[in-house]
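Listed below, chain by chain, are the residues.
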Amino acid sequence: MQMPSDATQDVWIRLNCTQRRVKALIEAALKDAGFPSLDWYGVLLHLKRAEEGCLSPREIEYSLLFEQYNLSRLLDRMEAEGLVKRIPYPGDKRRQLIAITTAGRKLQERMWVTYGGAIEQFVGTRLSKGEADQLAALLSKL
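The rules behind each value
Residues numbered from 1 in each chain as written. Predicted model: local features only at pLDDT ≥ 70, side-chain atom pairs only at ≥ 80, totals over all residues. Heavy atoms only, no water. Salt bridge = Lys/Arg side-chain N within 4 Å of Asp/Glu carboxyl O. Helix = DSSP H or I, 4+ residues; strand = E, 2+ residues; numbered from the N terminus. Buried < 20%, exposed > 50% of the residue type's maximum accessible area, 1.4 Å probe, protein only. Expected span 1.5 Å × (residues − 1). Arc of directions from axis to C-beta. Contact = heavy atoms within 4.5 Å. Pairing = 2+ DSSP bridges.

Q: Quick one: what's the story with the pattern of salt bridges, residue by residue and with numbers?
A: The final tally for this structure, using the stated rule, is six salt bridges. Across the pair Arg-86 and Asp-76 runs a salt bridge whose closest N-O atoms are separated by 2.9 Å. Of this pair, Arg-86 sits in strand E2 (residues 84-89) while Asp-76 is found in helix H4 (residues 68-80), placing the two residues 10 residues apart along the sequence. Overall, Arg-86 belongs to the partly exposed group, its relative accessible area being 25%. In this structure Asp-76 comes out as partly exposed when scored by relative accessible area, which is 43%. Overlapping salt bridges bring together Asp-76, Glu-79 and Arg-86 as one network.

As structure tokens, this is what we get:
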């Protein structure tokens, strides 16, 4: 097996550090605005975009790269806040679907104002449009 070059190692380190740093800044912006974490936003957005506004827990796990036990706890909290609801899976009483509620849709929309602004502040203002297009194209290769 070939070992990565110094340049490849540098890219790996920079990708990880940049992702963590920018995510922490965005999480802080959401917290300062009184919103829950990006995990909540991700679940709400995926449910909002889903056909009929619902997905199985497994579909959420897969699309957002959650561990099952973390997602279960998160969904419990979100359900307690009235943002999602569990509904029986058609034809299989052992399974369930997670559906976004009206309150969940409204929260996702309100969060986007802060989230989108933070993306612009911490990413968009640091890259020209051409640089952003180039970086997106490069990252799509990975």
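That was the structure; now back to the text.
Q: A description of H4 should follow, citing residues and the corresponding values.
A: When the terminal C-alpha atoms of H4 are compared, their 18 Å separation across 13 residues agrees well with the 18 Å that a helix rising 1.5 Å per residue should span. Within the span of H4, buried status applies to Leu-71, Leu-74, Leu-75 and Met-78. Seen from one end, H4 has its buried residues packed into an arc of 100°, which puts them on one side. Looking at the buried side of H4, the elements it contacts are helix H2 (38-49), helix H3 (57-64), E2 and strand E3 (92-100). Remark: Gly-82 follows H4 within two positions and exhibits a positive phi of approximately 80°.

Q: Explain the pairing of E3 residue by residue, including any values.
A: Looking at chain direction, strand E1 (residues 54-55) and E3 are connected through two bridges and run antiparallel. Residue Cys-54 lies in a different strand from E3, and its bridge partner there is Ala-99. Relative to E3, E2 runs antiparallel, the two being bridged by six bridges. Counted as the bridge partner of Lys-85 is Ala-99 from E3. Hairpin connection from E2 to E3: two residues lie between these consecutive antiparallel strands, with Gly-91 at a positive phi of about 85°.

Q: Tell me about the side chain of Ser-56, and name the residues and values.
A: Assignment of secondary structure puts Ser-56 in the loop between E1 and H3. Leaving out residues up to four positions away in the same chain, Ser-56 has contacts with Arg-95, Gln-96 and Leu-97.

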